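Here's the letter readout for the chains.
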Amino acid sequence: MFINEQQEDEIIDIAYVKMKELVEKLEKKIDECDILTKNNTLSPELLQSLPLSRQEARIALGYLSSRAQEKCEGMELWAKVAMEFAQFKYVEKYYKGKNVIKTENYFETICCIGSPDRLKMKWKYLKISPEIREKLERQPELQKPFNFIQTAKVMGIF
């Protein structure tokens with residue numbers, strides 16, 4: 001079935017609106033998690049019973065803070081946004097022969113910005129003994145968003 005240019009634009013608009021709705025939902029979720037993070041400084045006693053060096057404690061707190069933030073925001077939502085963005089760009093290019101609507105490096109931001117640092121942080125975290133990691137991961141306080149910088153300062157490791 002042949003469709004005209006106006007119909008193509010309507011199809012592109014459907015993909016664009018769906019992508020923008022998900023981006024707005026993600027931005028709202030990020031803001032909610034940021035509020036939880038800012039208002040939660042952990043007790044210095046939390047890590048005192050564990051045999052961690054200052055550097056290991058910093059690595060553990062950094063990694064677990066990042067992981068808690070990701071969990072709060074929802075990696076599934078991030079994945080949906082990335083998929084909708086890719087689908088929008090594909091549909092736009094399919095009908096127009098090129099991408100017309102400016103989105104900068106949106107996909108890199110959605111997909112990959114910070115990935116090298118997060119993976120490096122996880123790599124360092126995995127060097128901490130499995131027994132200590134297990135104890136850290138059983139701490140409910142470390143599974144919820146927390147203010148890494150304030151916590152590290154309070155604990156004297158920053």
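Residues numbered from 1 in each chain as written. Predicted model: local features only at pLDDT ≥ 70, side-chain atom pairs only at ≥ 80, totals over all residues. Heavy atoms only, no water.

**Brief notes about the layout of surface pockets**
Step number 1: The calculated volume of the largest pocket comes to roughly 370 Å³.
Step number 2: What lines the largest pocket is a set of 15 residues, and nearest its centre among them are Glu70, Glu73, Trp78, Ile113 and Arg118.
Step number 3: If you list the elements that add at least two residues to the lining of the largest pocket, you get helix H2 (54-73), helix H3 (75-96) and helix H4 (106-111).
Step number 4: Broken down by class, the residue content of the lining of the largest pocket amounts to 8 nonpolar, 4 polar and 3 charged. (1 Å grid on protein atoms, 1.4 Å probe; cavity = no way out; pocket = protein on both sides within 12 Å on 5 of 7 lines; lining within 4 Å. Points joined across faces, edges and corners; volume = space filled by probe spheres on them. Helix = DSSP H or I, 4+ residues; strand = E, 2+ residues; numbered from the N terminus. Nonpolar A, V, L, I, M, F, W, Y, C, P; charged D, E, K, R; others polar.)

**Observations concerning the state of the cysteines**
Step number 1: Inspection of the entire model under this criterion finds 1 disulfide.
Step number 2: A disulfide bridge connects Cys33 with Cys72, and the sulfur atoms are separated by 2.0 Å. Because the torsion about its S-S bond is -90°, the bridge between Cys33 and Cys72 counts as left-handed. Placement of the pair is Cys33 in helix H1 (residues 5-38) and Cys72 in helix H2, with a sequence separation of 39 residues. Comparing Cys33 with Cys72 shows no difference in burial state: the two are buried. (Disulfide = S-S within 2.5 Å. Buried < 20%, exposed > 50% of the residue type's maximum accessible area, 1.4 Å probe, protein only.)

**Re the packing of aromatic side chains**
Step number 1: Applying the stated rule across the entire model yields 5 aromatic pairs.
Step number 2: Measuring from ring centre to ring centre gives 6.1 Å for Phe148 and Phe158, while their planes differ by 65°; the resulting arrangement is edge-to-face. Taken as a pair, Phe148 in helix H7 (residues 148-154) and Phe158 in the segment after H7 lie far apart in primary sequence, 10 residues in all.
Step number 3: Overall, Phe148 belongs to the partly exposed group, its relative accessible area being 22%.
Step number 4: Ring pairs connect the aromatic residues Tyr90, Tyr94 and Tyr95, which therefore count as one cluster.
Step number 5: Above the ring of Tyr125, the side-chain terminus of Arg133 is found at 6.0 Å from the ring centroid. (Phe/Tyr/Trp six-rings, centres within 6.5 Å; stacked < 30°, edge-to-face > 60°. Lys NZ or Arg CZ within 6 Å of the ring centre and 35° of its normal.)

**Considerations on the packing of H1 against H3**
For any two helices packed against each other, the geometry is given by the interaxial angle and the distance between the axes.
Step number 1: Relative to each other, H1 and H3 sit at 160°, their axes nearing to 9 Å. By the angle between their directions, the pair H1 and H3 is classed as roughly antiparallel. Helix-helix and strand crossings are classified by hand; for H1 and H3 the assignment is left-handed. (Axes fitted to C-alpha atoms, helices over the stretch in contact; angles between N-to-C directions. Parallel < 35°, antiparallel > 145°, perpendicular 65-115°, else oblique. Left-handed = near helix turned anticlockwise from the far one by under 90°.)

**Some words on the environment of Glu137**
Step number 1: Considering the arrangement of structural elements, one finds Glu137 in helix H6 (residues 130-137).
Step number 2: When the C-alpha atoms of Glu137 and Leu64 are compared, they prove to be 8.1 Å apart, with 73 residues separating the residues in sequence.
Step number 3: The contacts of Glu137, once residues within four sequence positions are left out, are Leu64, Arg67, Tyr125 and Gln143. (Contact = heavy atoms within 4.5 Å.)

**Notes on the confidence of the model for the protein**
Step number 1: Per-residue pLDDT for the protein averages 91, and the proportion of residues at 70 or more is 94%.
Step number 2: Per-element confidence in the protein is highest for H6, whose mean pLDDT is 97, and lowest for H4, whose mean pLDDT is 68. (pLDDT = per-residue confidence, 0-100.)

**A closer look at the environment of Tyr94**
Step number 1: Tracing the backbone through its elements, the reader meets Tyr94 in helix H3.
Step number 2: Judged by relative accessible area, Tyr94 falls into the exposed class, the value being 56%.

**Some words on the pattern of salt bridges**
Step number 1: If you walk through the whole model with that rule in mind, you get 8 salt bridges.
Step number 2: The partner of Glu92 in a salt bridge is Lys89, and the shortest N-O contact between them spans 3.5 Å. Of this pair, Glu92 and Lys89 are both found in helix H3, 3 residues apart, which corresponds to roughly one turn of the helix.
Step number 3: Residue Glu92 is classed as buried on the basis of its relative accessible area of 1%.
Step number 4: Where Glu134 meets Arg138, a salt bridge forms, and the shortest distance between an N and an O atom there is 3.9 Å.
Step number 5: By relative accessible area, which is 47% here, Glu134 ends up partly exposed.
Step number 6: Its relative accessible area of 55% is what places Arg138 among the exposed residues.
Step number 7: Each of Glu5, Asp9 and Lys96 takes part in a single network of salt bridges with overlapping partners. (Salt bridge = Lys/Arg side-chain N within 4 Å of Asp/Glu carboxyl O.)

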